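Examination of the molecular architecture
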Amino acid sequence: SGIKLTQSGSNTIGGTSAQARNVISGNDLEGIVLDGNATTGNVIAGNYIGTDQSGSAIVANGSNGKGNGIGAYNGAHHNTIGGTAAGAGNLLSGNTDNGIAFAGTGVSANTVQGNVIGLDATQTKVIANTNQGIWIGAGASGNTIGGDIAGAGNVVSGHQWAGIELHGVGTN
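Residue indices begin from 1 for each chain and proceed along its sequence in written order. Reporting in this predicted model follows two pLDDT cut-offs: at least 70 for local features of residues, and 80 or more for side-chain atom pairs to be given and counted; totals over whole chains, interfaces and linings ignore these cut-offs and use all residues. As a rule here, side-chain values cover all heavy atoms of the structure and leave hydrogens and water aside.

**Some points on the overall build of the protein**
For clarity, the cut-off: Helical segments are the DSSP runs of H or I of at least four residues, strand segments are the runs of E of at least two, and each set is numbered from the N terminus. Only C-alpha atoms enter the radius of gyration; for comparison, a globular chain is expected to reach 2.2 Å times N to the power 0.38, where N is the number of residues. Throughout, exposure labels follow a simple rule: accessible area from a 1.4 Å probe, protein chains only, divided by the maximum for the residue type, with under 20% read as buried, over 50% as exposed, and the rest as partly exposed. Two residues qualify as a contact provided that any one of their heavy atoms is within 4.5 Å of a heavy atom in the partner residue. Accessible surface is estimated by sampling points in the Shrake-Rupley manner with a 1.4 Å probe; for residues, cover comes only from the protein chains shown. Note that His is not counted, nor are the chain ends; the positive residues are Lys and Arg, and the negative ones are Asp and Glu. Note on charges: their place is set at NZ of Lys, CZ of Arg, CG of Asp or CD of Glu.
Secondary structure assignment for the protein yields 0 helices and 16 strands. By the compact-globule yardstick of 16 Å for 172 residues, the protein fits well, its C-alpha radius of gyration being 14 Å. Projected onto its principal axes, the C-alpha coordinates of the protein cover approximately 35 × 30 × 30 Å. Going through the 172 residues of the protein one by one, you find that 47% of them count as buried. When contacts within the protein are restricted to residue pairs at least 6 apart in sequence, those whose partners lie at least 24 apart make up 82%. With the model as given, the accessible surface of the protein reaches about 7000 Å², and the carbon-plus-sulfur share is 51%. Of the side-chain charges in the protein, 4 are positive and 8 negative, and the distance between the mean point of each set is 5 Å.

Listed below in structure tokens is the structure:
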């Protein structure tokens, strides 16, 4: 993985300015992993995950075929991916699995807002993640995707499978 937070809270990866942006791409597994029930209060904002630094070409995470842009597991909760402020959204495109994956019971109360998933930085060219844009399953529940305030919506487009998939019993 490019960045892995295990039982680690209150970190910020990226920011709202271009200078704060990280390019998290070309990793064997996932771009960013949030792992464990103490992994809470983290903010992932303004990054390019699965593309080059211009946001226009694929540099996929998951050379083994299983690379989510961001994955949350084992009870990771109350984390924010993107945001409503200008520049807070991440670009999650070109990964070999899903743009974002939430898996397992206890993966809850995470917020995904203001991101571009499956397109280039200009939002004019498809750079699909191989599977879903956002996949939530295995009992993950109570997460927020989008919202009704300005800037909360995600742009999810161009994926091989679903834009957003909720999968399995106990997932909502």
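**Considerations on unusual backbone geometry**
The backbone of Asn 74 shows a phi angle near 50°, a positive value even though the residue is not glycine. A positive phi angle is found at His 78, which is not glycine, with a value near 55°. With respect to the element layout, His 78 can be found in the loop between strand E7 (70-73) and strand E8 (80-82). Using a relative accessible area of 47% as the deciding quantity, one classes His 78 as partly exposed.

**Here we look at the pairing of strand E4 (residues 32-35)**
The side chains of a regular strand alternate, residue by residue, between the two faces of the sheet. Applicable threshold: A pair of strands is considered paired only if DSSP assigns at least 2 bridges between the two.
Going residue by residue along E4, you find Ile 32 and Leu 34 tucked away on one face and Val 33 and Asp 35 tucked away on the opposite face as well. Looking at chain direction, strand E1 (residues 3-6) and E4 are connected through 4 bridges and run parallel. Its bridge partner being in E4, Lys 4 is matched across the sheet by Val 33. For E4 and E7, the ladder comprises 4 bridges, and the chain directions are parallel. If you follow Ile 32 over to E7, its bridge partner there is Ile 70.

**Section: the sheet that holds E8**
With parallel pairing, the 5 strands of this open sheet are ordered in space as E2-E5-E8-E11-E14. The open sheet terminates on both sides in strands that have one partner only, identified here as strand E2 (12-14) and strand E14 (144-145). Strand direction decides the pairing type here: strand E5 (residues 43-45) and E8, joined by 2 bridges, are parallel. Residue pairing in the sheet places Ile 44 in a bridge with Ile 81 of E8.

**Some words on the nonpolar core**
Soluble globular proteins: nonpolar side chains tend toward being buried together. Basically, it comes down to this: By nonpolar core is meant a set of buried Ala, Val, Leu, Ile, Met, Phe, Trp, Tyr and Cys residues that side-chain atoms within 4.5 Å join together.
Judged by nonpolar contacts, the single largest core of 20 residues is most densely connected at Ile 32, Leu 34, Ile 44, Ile 70, Ile 81, Ile 100 and Phe 102. Secondary structure elements with two or more residues in this core: E4, E7, strand E10 (100-103) and strand E13 (134-137).

**Topic: the pattern of salt bridges**
Put simply, the rule is: The term salt bridge refers to a pairing of a side-chain nitrogen on Lys or Arg with a carboxyl oxygen on Asp or Glu at a separation within 4 Å.
If you walk through the whole model with that rule in mind, you get 1 salt bridge. Put simply, Asp 97 and Lys 66 hold a salt bridge, and the shortest N to O gap is 3.9 Å. Of this pair, Asp 97 sits in the loop between strand E9 (91-92) and E10 while Lys 66 sits in the loop between strand E6 (48-49) and E7, placing them 31 residues apart in sequence. Taking relative accessible area as the criterion, Lys 66 reaches 52% and is therefore assigned exposed.

**Re the environment of Trp 161**
Assignment of secondary structure puts Trp 161 in the loop between strand E15 (155-156) and strand E16 (164-167). Accessibility expressed as a relative area gives 56% for Trp 161, which makes it exposed. Taking C-alpha positions, Trp 161 is 9.8 Å from Ala 128, a pair spaced 33 residues apart along the chain. What Trp 161 contacts, discounting residues up to four positions off in sequence, is Thr 130, Asn 131 and Gln 132.

Shape is all these values report; function is a separate question.
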